[in-house]
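# Structural overview
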Amino acid sequence: MSTSSNESGTALAGENDAFIGLGASADDALLLDSQSLTIREDSVTVADRRKASKKRDPSCCGPNVAAKSGDEKISLHNVLWARVYISEDKSAVQITHAKAFGKRLVKPATLSIPIAESDLEKADQWVERLLARAYEGAQQAKRLKVLINPNGGPGAAEKTYRTEIEPIFTAASCAVDVELTQYPKHAIKIAQELDIDAYDAVVCISGDGIPHEVFNGLGKRPDARKALRSIAVCQLPGGSGNGMCWSFTGTDAASLAAVALVKGKRTHFDLVSITQGDERILSFLSQSAGITAELDLGTENLRWMGNTRFTVGFLQRVVAERLYPTELYVKLAIESKEEIRRHASTHREPPDHTCDGTGLPPLQYGTVKDEVPDDWVKEWHPKMGNFWCGNMICMSKDVHYFPAARPNDGYMDLTTWDGNVGRIKAFSIMLGAETGRNFDHPQLNYRKVLAYRFVPKNQKDGYISIDGEKIQFAPFQAEIHHGLGVSLSLRHNSFEGPTIT
Ligand SMILES: Nc1ncnc2c1ncn2[C@@H]1O[C@H](COP(=O)(O)OP(=O)(O)OP(=O)(O)O)[C@@H](O)[C@H]1O
């Protein structure tokens, strides 16, 4: 039985239990003259005490007593900010939260609970406690550098930001510095020159192009390792793919993703170095060749169709049994699906990249121009239909192509399937990705790798896509950098979406 009472002495010993309930300690409750505010396991409730005391049935004190109809219950996830408001004639506890207006939209709303002057001190402490619980493991009042690609996706990124995202950032007391990208590759320059100590995160309101540029801008800095490991790079929906936003927030509804971001915890995730010719670039999402790359980069003429272009393009290629002969050299880490399943729940701590150098980490396996290391497996894929190597679980809406991906397991998820599997099987692989069931498809070769070299054969030209950006149709090599990047995620070391267990 709790014996705490409010300062005006109106709460009786034992009566508090009715307001606090199981799982909430006395410090979690703020008992005011007429209302009680209680921090519970995953919510905060505001209950009318007079109603509760009058109606209270002594045989039923339990966790739900305070949650009567008419009482307010707000999930801690949706609590954006709280404060004690003081003016000359009144004071109040104000809780600002994300309120749902349908399934894909939340807007800030503020609940104001009047308090007496004598309650100010304990209200202050309670508000602090509420914020600590609402932001458990996450930084409050983040400092955000927002980059908007005004041309991203259907060109609506700026409007989406102003109407759905900015109100959430403001309500969550974030300090925001907004910049519109002015020309292609502008975000590389911005990231190169960014004061990394002035911000907690760069938030790209864009497709996959802007985060790709930001990672590469950070990678070009003399203090690349420090920059990549300290500033979080995030994506909110403003383009056509939004794979990173889906992977870390589990949605492409802008206001919901914005709430996930302000409540997001710093999570390290793997980045990949790609070498081609004399160039070295960073990849954060995926590398593809074959059908996926052609759909991404080679169906611009069908853009007017919207997302249907992918279905139409896919059908055309599968029916024609298009083949993309390839020589692959692979530094294998986990070879079978059974082993990948076993590995799914284990976690490998990433190395501290900052302790041993300044620029990008040195390449462990050399570049595409070097000899292939002896312990790599050489594979000939004369009938390659699709090559897709991923770093995150979700590539775009309903495409959870890499259900075994973990933010910082230190491996890439390398998949291939043959172009002559037949259209039913090809379709069932792609459709299976909606729920991650593609992982178990017998025709989908799925491995964890540390590095690989991709060498296209017997084709004059074609498409290779790195994070949705076209690179030359020529050999390239990839190697993982365990936990080199950082982003903000709902859960530590976990992507959102269907995963294998
Ligand atoms: N002001 C601008 N004018 C023209 N291009 C720009 C501008 N700002 C950025 N870009 C370029 O737009 C490209 C696409 O960006 P982004 O990925 O955000 O949009 P998208 O339409 O979703 O593209 P994608 O189809 O690749 O996902 C990037 O390569 C970027 O360099």
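What counts and how
- Residues numbered from 1 in each chain as written.
- Predicted model: local features only at pLDDT ≥ 70, side-chain atom pairs only at ≥ 80, totals over all residues.
- Helix = DSSP H or I, 4+ residues; strand = E, 2+ residues; numbered from the N terminus.
- Buried ≥ 20, exposed ≤ 12 C-beta atoms within 10 Å, placed from the backbone.
- Contact = placed C-beta atoms within 7 Å.
- Pairing = 2+ DSSP bridges.
- Near = placed C-beta within 6 Å.
- Nonpolar A, V, L, I, M, F, W, Y, C, P; charged D, E, K, R; others polar.
- Core = buried A, V, L, I, M, F, W, Y, C linked by C-beta atoms within 7 Å.
- Axes fitted to C-alpha atoms, helices over the stretch in contact; angles between N-to-C directions.

Naming follows an unreviewed UniProt entry, where the protein chain appears as Sphinganine kinase lcb4 of Orbilia brochopaga.

This part is about the environment of Tyr329. Inspection of the secondary structure puts Tyr329 in strand E15 (residues 326-334). Residue classification places Tyr329 among the partly exposed residues on the basis of 18 C-beta atoms within 10 Å. Distance in space between the C-alpha atoms of Tyr329 and Glu379 is 6.1 Å, their sequence separation being 50 residues. Leave out the neighbours within four places in its chain, and Tyr329 touches Val372, Trp376, Lys378, Tyr452 and Arg453.

Here we take up unusual backbone geometry. The backbone phi angle of Lys185 is positive, close to 75 degrees, even though this residue is not glycine. Mapped onto the secondary structure, Lys185 falls in the loop between strand E9 (175-180) and helix H5 (186-193). Note on Lys185: 12 C-beta atoms within 10 Å, which makes it exposed. Residue Asp467 is not a glycine yet carries a positive backbone phi of 55 degrees. Within the fold, Asp467 resides in the loop between strand E20 (464-466) and strand E21 (469-471).

What follows concerns the pairing of strand E7 (residues 106-115). Both strand E6 (residues 91-100) and E7 contribute to a ladder of 10 bridges, which runs antiparallel. Residue pairing across strands places Ala92 opposite Pro114, the latter belonging to E7.

With that settled, the discussion passes to the site of the ligand. Residues in contact with the ligand amount to 21 residues; listed here are only the nearest, Thr181, Ser206, Gly207, Gly209 and Gly239. Considering each element in turn, the shell around the ligand owes the most residues, 3 residues, to helix H6 (residues 209-219). Within the shell around the ligand, the residues separate by chemical class into 4 nonpolar, 14 polar and 3 charged.

Core analysis: the biggest nonpolar cluster contains 124 residues, and Ile168, Val202, Val203, Ile205, Leu236 and Ala258 have the highest contact counts within it. Beyond its immediate sequence surroundings of up to four residues, Val202 is in contact with Lys145, Leu147, Ala191, Val214, Ile231 and Val233.

What follows deals with the sheet that holds E9. On the basis of which strands lie adjacent, the open sheet formed by 4 strands has the order E9-E8-E10-E11 and parallel pairing. At either margin of the open sheet sits one strand with a lone partner, and together these are E9 and strand E11 (232-237). On average, each strand axis in the sheet is tilted by 25 degrees relative to the strand beside it, whichever way the strands run. Across 6 bridges, the pairing between strand E10 (residues 201-206) and E11 is parallel. Counterpart to Ala201 in the pairing with E11 is Ala232. Packed on one face of the sheet, helix H4 (residues 157-171) meets strand E8 (143-148), E9, E10 and E11 and runs near 140 degrees to E10.

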